[in-house]
Amino acid sequence: MKKLNLDDVYWYVENNIGTFHSKRIESLNSLKLKQVIKRKNPYLFKAKYVLTAEQLVKGLVDAHISSNEETIFGDWLEGLAIFINEKVYGGWKSGIPGIDLEFNKNNIRYIVTIKSGPNWGNSRQIAKMKDDFRQAIRTLRTSNSQLHVIAINGCCYGKDHNPDKGDYFKYCGQKFWEFISDNKELYTEIIEPLGYKAKERNDEFITSYSNMLNRFTNEFFREFCNATGEIDWNKLVQFNSGYSE
């Protein structure tokens, strides 16, 4: 085990955070209005008394962006966690399906699945993760039957006061970052470097976002508003849920 050098963390973030921002913009630029409409619940917007094309488009797009950014940033944080663990414990990106990180500590092989936050999955997804853990343990013990393997569900933020889940352990937030780095304060120390050039990157995103809202609002008005300017809810719902679309 080696002591984590925070300069290495700063270096990694400064050289890789651009990937997160680029993917945000790429995802935005590739978005199509009708794709978003088909993925979201039109009844919800009617129930919320949305009256204008601009309101509805912004609500649709913002809901999509929020969900998408969580996924993109979760993938980015996974890379950061693996980098940090490699520096401290010599860990590596696992090649076993469903496993993100492997490393050895105190004669134990840890297999880790990394998620953004603690409430990441439903019962079926959790069952799939547990099955992935079982398969991974069988795979590892094929070449070394005496290998002691412990499965971990690591979450980059949040809390879980009952980490022992029987088949695996769940470490969230401070506990997770300490687990992979042997640094109790890492969960707060990584906040500062994450802001590297954030304003410049976000200004670029806001420009793309604003342009897209203008285009989508114009398209929505042409496609889903009637001659008086009102939203044609029947047409919208038919497009979202009807047989013919």
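Read on for a plain summary of the structure. All of these numbers come straight from a predicted model, not from anything done at the bench.

**Topic: the packing of helix 1 (residues 6–29) against helix 4 (residues 53–89)**
- Put simply, helix 1 and helix 4 touch, their axes get as near as 10 Å, and they point 155° apart. By the criterion of interaxial angle, the relationship of helix 1 to helix 4 is roughly antiparallel. Where helix 1 crosses over helix 4, the handedness of that crossing is right-handed. In contact with Asp8, Val9, Trp11, Tyr12, Val13, Asn16, Ile17, Phe20, Lys23, Arg24, Ser27 and Leu28 of helix 1, helix 4 contributes His64, Ile65, Asn68, Glu69, Ile72, Phe73, Trp76, Gly79, Leu80, Phe83, Ile84 and Lys87.
- Tallied by class, the residues present in the contact of helix 1 with helix 4 amount to 14 nonpolar, five polar and five charged.

**Considerations on the environment of asparagine 234**
- Topologically, asparagine 234 is positioned in helix 10 (residues 233–241).
- Residue classification places asparagine 234 among the exposed positions, given a relative accessible area of 58%.
- For the pair formed by asparagine 234 and phenylalanine 224, sequence separation is 10 residues and the distance between their alpha carbons is 9.0 Å.

**Section: the pairing of strand 3 (residues 108–115)**
- Of all eight residues making up strand 3, seven are buried, and the element is well covered by its neighbours.
- Bridge analysis of strand 2 (residues 101–105) against strand 3 gives five bridges, and the strand direction is antiparallel. Pairing of phenylalanine 103 across the sheet is with tyrosine 110, part of strand 3.
- Counted between consecutive antiparallel strands, the loop separating strand 2 from strand 3 contains two residues, among which asparagine 106 sits at a positive phi close to 50°.
- Bridge analysis of strand 3 against strand 4 (residues 149–155) gives seven bridges, and the strand direction is parallel. In the sheet register, threonine 113 faces strand 4, and the bridge partner there is asparagine 153.
- At this point the chain moves from strand 3, through helix 5 (residues 123–143), to the parallel strand 4, and the crossover so formed is right-handed.

The rules behind the values
- As a convention, each chain's residues are numbered from 1 in the sequence order in which they are written.
- For a predicted model such as this one, the threshold for reporting local features is a pLDDT of at least 70, and the threshold for listing and counting side-chain atom pairs is 80 or more; totals across whole chains, interfaces and linings nevertheless cover every residue.
- The basis for the side-chain values is all heavy atoms of the structure; hydrogens and waters are excluded.
- Only the contacting stretch of a helix is used when fitting its axis, a line to C-alpha atoms as for every element, and angles between N-to-C directions run 0 to 180 degrees.
- Elements are defined by DSSP. Helices are runs of H or I of four residues or more, strands are runs of E of two residues or more, and each kind is numbered from the N terminus.
- In this scheme, roughly parallel covers angles under 35 degrees and roughly antiparallel covers those over 145, while 65 to 115 is roughly perpendicular and the rest are oblique.
- Left-handed is the label given to a crossing in which the near helix is rotated counterclockwise from the far helix by less than a right angle, and right-handed is the label when the rotation is clockwise.
- A contact between two residues is defined here by any heavy atoms of the two lying within 4.5 Å.
- By the convention adopted, Pro, Cys, Tyr, Trp, Phe, Met, Ile, Leu, Val and Ala count as nonpolar, Lys, Arg, Asp and Glu as charged, and the other residues, Gly among them, as polar.
- Per-residue accessibility, obtained with a 1.4 Å probe over protein chains only, is compared with the maximum for each type, and a residue is labelled buried under 20%, exposed over 50%, and partly exposed between these values.
- A strand pair is defined by DSSP finding two or more bridges across the two strands.
- The path from the first strand over the helix to the second decides the hand: if it runs clockwise while the strands point away from the viewer, the crossover is right-handed.

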